[in-house]
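Summary of the model geometry
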Amino acid sequence: DGGITQSPKYLFRKEGQNVTLSCEQNLNHDAMYWYRQDPGQGLRLIYYSQIVNDFQKGDIAEGYSVSREKKESFPLTVTSAQKNPTAFYLCASSIPGGGLHNEQFFGPGTRLTVL
Amino acid sequence: AQSVTQPDIHITVSEGASLELRCNYSYGATPYLFWYVQSPGQGLQLLLKYFSGDTLVQGIKGFEAEFKRSQSSFNLRKPSVHWSDAAEYFCAVGSSWGGGSQGNLIFGKGTKLSVKP
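My aim in this report is to walk through the structure given alongside it, one point at a time. Since this is a predicted model, take the numbers as computed values, not measurements.

1. A look at the state of the cysteines
Here a disulfide denotes a covalent bond joining the sulfur atom of one cysteine to the sulfur atom of another. On inspection of all chains with the given rule, the structure shows 2 disulfides over all chains. Linked covalently through their sulfurs, C23(A) and C91(A) form a disulfide whose S-S length is 1.9 Å. Across the S-S bond linking C23(A) and C91(A), the dihedral sits near -75°, which makes this disulfide left-handed. With C23(A) in strand β3 (residues 19–25) and C91(A) in strand β9 (residues 87–94), this residue pair connects regions lying 68 residues apart in the sequence. We classify C91(A) as buried; its relative accessible area is 0%. Between the sulfur atoms of C23(B) and its disulfide mate C91(B) the distance is 2.0 Å. On the sign convention where negative is left-handed, the bridge of C23(B) and C91(B), at about -65° about the S-S bond, is left-handed. Here C23(B) is found in the loop between β3 (19–21) and β4 (24–26), whereas its partner C91(B) is found in strand β10 (residues 87–94), with 68 residues between them in sequence. One exposure class covers both C23(B) and C91(B), and it is buried.

2. Looking at the pairing of strand β5 (residues 42–51) of chain A
Residue and element names in this part refer to chain A. Here β5 lies mainly inside the structure; 8 of its 10 residues are buried. Looking at chain direction, strand β4 (residues 31–38) and β5 are connected through 7 bridges and run antiparallel. The residue bridging D38 from the neighbouring strand is G42, located in β5. As defined by bridge partners, β5 adjoins strand β6 (residues 54–57) across 3 bridges and the pair is classed as antiparallel. Considered in β6, the bridge of Y47 is made with K57.

3. Some remarks on the packing of aromatic side chains
With the rule as written, the count across this model stands at 16 aromatic pairs over all chains. Aromatic pair Y33(A) and Y35(A): ring centres 6.4 Å apart, planes at 25°, arrangement stacked. In textbook terms, an aromatic cluster arises when at least three aromatic residues are bridged by ring pairs, as seen for Y33(A), Y35(A), Y48(A), F106(A), Y32(B), F34(B), Y36(B), F51(B) and F107(B). In this arrangement the basic side chain of R68(A) is found over the ring face of F74(A), its NZ or CZ atom lying 5.9 Å from the centre.

4. Digging into the interface of chain B and chain A
Counting from both sides, the interface comprises 23 residues of chain B and, opposite them, 23 residues of chain A. Regarding the contact of chain B and chain A, the summed buried area is about 1800 Å², with carbon and sulfur atoms giving 51% of it. The tally of links between chain B and chain A comes to 1 salt bridge. When the shortest N-O distance is used, the salt bridge between K49(B) and E103(A) registers 2.5 Å. Put simply, chain B and chain A have 4 residue pairs in polar contact (both at pLDDT 80 or more) between them.

5. Things to note about the sheet that holds strand β1 (residues 4–7) of chain A
Residues and elements named next belong to chain A. Spatial ordering of the open sheet is given by β1-β3-β8-β7, a layout of 4 strands whose pairing is antiparallel. Edge positions in the sheet fall to β1 and β7 (64–66), since each of these pairs with one other strand and no more. Taken over all neighbouring pairs, the strand axes of this sheet differ in orientation by 20° on average, direction set aside. Across 3 bridges, the pairing between β7 and strand β8 (residues 76–78) is antiparallel. Residue pairing in the sheet places Y64 in a bridge with V78 of β8.

6. So, the environment of K61(B)
All names here are of chain B. Along the polypeptide, K61 turns up in the loop between β7 (56–58) and β8 (64–68). What makes K61 partly exposed here is its relative accessible area of 46%. C-alpha of K61 to C-alpha of S114: the two residues are 53 residues apart in sequence and 16 Å apart in space. In this structure, K61 is in contact with V37, Q45, L47 and K78, ignoring residues within four places of it in sequence.

7. Quick notes on the pairing of strand β2 (residues 10–13) of chain A
Residues in a regular strand project their side chains so that they alternate between the two faces of the sheet. Residues and elements named next belong to chain A. Taking every second residue as pointing to the same face, the buried face of β2 carries L11 and R13, while none of Y10 and F12 on the other face is buried. Pairing of β2 with strand β11 (residues 110–114) involves 4 bridges; the strand directions are parallel. Counterpart to L11 in the pairing with β11 is L112.

Thresholds applied
Residues numbered from 1 in each chain as written. Chains lettered and ligands numbered in written order. Predicted model: local features only at pLDDT ≥ 70, side-chain atom pairs only at ≥ 80, totals over all residues. Heavy atoms only, no water. Disulfide = S-S within 2.5 Å. Helix = DSSP H or I, 4+ residues; strand = E, 2+ residues; numbered from the N terminus. Buried < 20%, exposed > 50% of the residue type's maximum accessible area, 1.4 Å probe, protein only. Pairing = 2+ DSSP bridges. Phe/Tyr/Trp six-rings, centres within 6.5 Å; stacked < 30°, edge-to-face > 60°. Lys NZ or Arg CZ within 6 Å of the ring centre and 35° of its normal. Contact = heavy atoms within 4.5 Å. Buried area = accessible area lost by both parts, 1.4 Å probe. Salt bridge = Lys/Arg side-chain N within 4 Å of Asp/Glu carboxyl O. Polar contact = N/O pair within 3.5 Å; in protein donor to acceptor, adjacent residues only side chain to side chain. Axes fitted to C-alpha atoms, helices over the stretch in contact; angles between N-to-C directions.

Right, dumping it as structure tokens:
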């Protein structure tokens, strides 16, 4: 079945450590997205990529980094510069271009907790 | 700037009662509108979407939504709520302007639905 996988489901990090969240999709979508979700805040866009080897900062990119070396994969690194990284992280994908192609498909999420 | 407002943070309804979740948007052109549902600890699932045409759209799980341009609204409705509908619901508007952000969605902050037995 086509879909988006995120791993791990739960992740614990010590302060000062970098950590990488995995996102893989087999939907053959060109565009991929990372969101952060906090209670009562909705979804906030961290980074997005419309095509391989290209990505753009979203609304809250500080303290995060991404890469897009393969169409299927869009890993997110939460760096030690992110002051409050404890949150639920969601990855999504879509066919880019706007309009009819705005529909995004979401992975199951990764809950990151900083100890 | 585009924005989405969901005025109700939390709604509680009795099982079998009708439901309406409100969504208002701010957008300069024809909006592309979506409703997603999220169960606790899960990702988002698309309930329905509006691009053009009939302003009353049907979705999965018995949900429907009506686009009202004059009111800048896209409210979600269900005639009879089931206990399994308890979840958080997000309204979103699609960005169609350029600068590389085509395809991006702007989400409301969500409405949490609780269902009383």
